[in-house]
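Breakdown of the fold
These are the residues of each chain, in order.
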Amino acid sequence: NNEAIKEKVKERYMDNILSYLEKTEATYGHRTAADDGTVCLTWKELGNLSRRLGTEFCSRTEPKKPIAILMEKSALTLAAMFGAVYAGCFYVMIDPVQPSARLGEILQVLDTKLVVTHRKGEKYLKEAGYRGEVYLIQNVIGCQSDGNRLDEIRKNSTERDLLYGTFTSGSTGVPKCVAVSHKAVIDFITHFIKLFPITADDRIGNQAPFDFDVSVKDIYAALMTGAALILIPKQMFSSPPMLLDYLCSKKVTSLTWAVSALTLVSALKGLSYKAPSTVRQVLFSGEVMPAKQLRMWQEALPETRFVNLYGPSEITCNCTYYPIERIFQDHERLPIGRPFPGREVFLMDDSGKEILIPEKIGEICVSGESLAEGYYRNPEETKARFITGKNGRYYRTGDLGYYGKDGEMYFSGRKDFQIKHMGHRIELEEVEHALEQIQGVEKSCCLMDRKKNQLAAFYLGEAQISEIKKQLRKRVPLYMIPHRFIQTGKIPLNKNGKTDRKYLQQRLEAI
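Keep in mind the model is a prediction, meaning the values are calculated, not measured. (Residues numbered from 1 in each chain as written. Predicted model: local features only at pLDDT ≥ 70, side-chain atom pairs only at ≥ 80, totals over all residues. Heavy atoms only, no water.)

**A look at the nonpolar core**
Judged by nonpolar contacts, the single largest core of 85 residues is most densely connected at Tyr91, Phe192 and Tyr220. Examining the composition of this core, we find that 9 residues originate from one element, helix H4 (residues 75-86), more than from any other. Residue contacts for Tyr220: discarding those within four places in its chain leaves Ile17, Phe82, Tyr91, Leu163, Val185 and Ile189. Counting residues in hydrophobic clusters, the runner-up holds 31 residues, among them Phe237, Leu243, Ala261 and Met289. (Core = buried A, V, L, I, M, F, W, Y, C linked by side-chain atoms within 4.5 Å. Buried < 20%, exposed > 50% of the residue type's maximum accessible area, 1.4 Å probe, protein only. Helix = DSSP H or I, 4+ residues; strand = E, 2+ residues; numbered from the N terminus. Contact = heavy atoms within 4.5 Å.)

This is the structure in structure tokens:
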């Protein structure tokens, strides 16, 4: 059986992610592929289950179409994702904890004919107004795979076929689906596993939900190397001691996490309870990492490699990386680093001219390998953000950056986090950076109080408000000092592991 799989792999060009799955299955078939704490699948079991689901799916929808998967992350969810790919389709993960109105908007954008879910998901779909076909994942028991049918579908595939879609918020209020091809993922992950060596002996600790593209690095780094994917249950992140016990018991060796997930552990003193000593590399992205929190991790894991990653979903995960090779002080910012191989990253001003002058802020743009195909069924937004210029196709990120005097590129905030207050343009993230340098402030979130037209800041830590104001006056102009400071026992994260600004904004407006 393994020999037959090996022969099939030899016959195919490695331009489809399933070729890598089958190669890993043939090489590491009886080793752990995915362990979610309840179900543990070997690569052979994962492959077989994926083909059974693929056979079921292809009888219910056409190739090249989206298959929505309304499930929490799990080993079985992973099989459903690859099952969609075996059916010649692309998968779109949807978090079940969605307001029914937004779920309805997502399904309307996709115009999908098939949703895969658990039995309780049927209720959510009905509330969202979905009337298409629903496949209940538990029905896979007893199903068989049809290899000939799956092979016929595979013959018509190309490297530009879509592999997955992931939803982001849209500027018009309607969610957008970023559509990413097989080739984009294969090119990116090939570089990723070389730059940050991952082998079959690694155990990757997955933090991100599957509808967030940080998980793409975990899933496909494991698939292309044979590493074990350890899916960390989300409830672990509400209890740092429980989380650290889990990392240690599972002997996790590599973490690719959102910054807020890491700082949650360090800010709540979790590392003083236990350090996950088997972890040899920590890669982080999604937000600016405060130097204070990074130092706590470096002190707890002095032999571990730390890397700052940057990039939005539209360019397939990340476009730059910066290995941390020293201790950074509170007043310093981390560079976002150099481009991944095959990428170009540059700054543009509002008139579309490239910026080369140090310390002049511009919009970060990305060209080269692994750009998304665009926004699914949204040509207007695709045209607005994916630009074809004299140097080829590039993506305008909406992020602001600048070159430091040291020649490094630095992130300086989101265009949409920039506000106008008292006649001044203010980056909310710059205020947070200043706050988090203050002794006794572990984490912060700065917001605009729309009712009172004032700046407000939530903060986690023991610092007194009077001392915070005193220290801030030494760091930022008066117009950047918040009028209100709200001490809190928790700064919550959203489902993607980033600071939940929407929740804090609602809380602020309710005070």
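**A few points about the environment of Cys40**
Structurally, the position occupied by Cys40 is in strand S2 (residues 40-42). Note: C-alpha distance between Cys40 and Pro312 (272 residues apart in sequence) is 31 Å. Ignoring any residue separated from it by four or fewer positions in sequence, one finds Cys40 in contact with Thr32, Ala34, Asp35 and Glu45.

**A few points about the sheet that holds strand S27 (residues 484-487)**
Taken in spatial order, the 3 strands of this open sheet run S25-S26-S27, and their pairing is mixed. Unpaired on one side and paired on the other, strand S25 (443-449) and S27 mark the two borders of the sheet. On average, adjacent strands in this sheet sit at an angle of 20° to one another, irrespective of strand direction. As defined by bridge partners, S25 adjoins strand S26 (residues 454-460) across 7 bridges and the pair is classed as antiparallel. When the bridges of S26 are listed, Ser444 appears paired with Tyr459. Set on the sheet, helix H15 (residues 428-435) makes contact with S25, S26 and S27; between it and S25 the angle comes to about 145°. (Pairing = 2+ DSSP bridges. Axes fitted to C-alpha atoms, helices over the stretch in contact; angles between N-to-C directions.)

**Focus: the sheet that holds strand S14 (residues 320-324)**
Backbone-to-backbone hydrogen bonds pair the strands of a sheet. The strands run either parallel or antiparallel. Pairing in this open sheet of 9 strands is mixed, and the strands run S2-S1-S10-S9-S11-S12-S13-S14-S15 from one edge to the other. In the strand order of this sheet, the two ends are held by S2 and strand S15 (338-339), each with one partner. Examined bridge by bridge, strand S9 (residues 203-206) and strand S10 (residues 228-231) share 4 bridges and lie parallel to one another. For Gly205, the partnering residue across the bridge sits in S10 and is Ile230. Against the sheet, helix H11 (residues 259-267) touches strand S11 (254-258) and strand S12 (281-285), its axis set at about 100° to S11.

**Considering the packing of helix H3 (residues 43-58) against H4**
Two numbers describe how H3 lies on H4: the axes approach to 7 Å, and their chain directions differ by 55°. As the angle between them shows, H3 and H4 are arranged oblique. Seen from above, H3 lies across H4 with right-handed handedness. Facing Leu46, Leu49, Ser50, Arg51, Leu53, Gly54 and Phe57 of H3, the residues of H4 in contact are Ala75, Leu76, Leu78, Ala79, Ala80, Phe82, Gly83, Ala84 and Tyr86. Here the contact of H3 with H4 is built from residues that sort into 12 nonpolar, 3 polar and 1 charged. (Parallel < 35°, antiparallel > 145°, perpendicular 65-115°, else oblique. Left-handed = near helix turned anticlockwise from the far one by under 90°. Nonpolar A, V, L, I, M, F, W, Y, C, P; charged D, E, K, R; others polar.)

Honestly, that's just the spatial picture; any functional story needs more than this.
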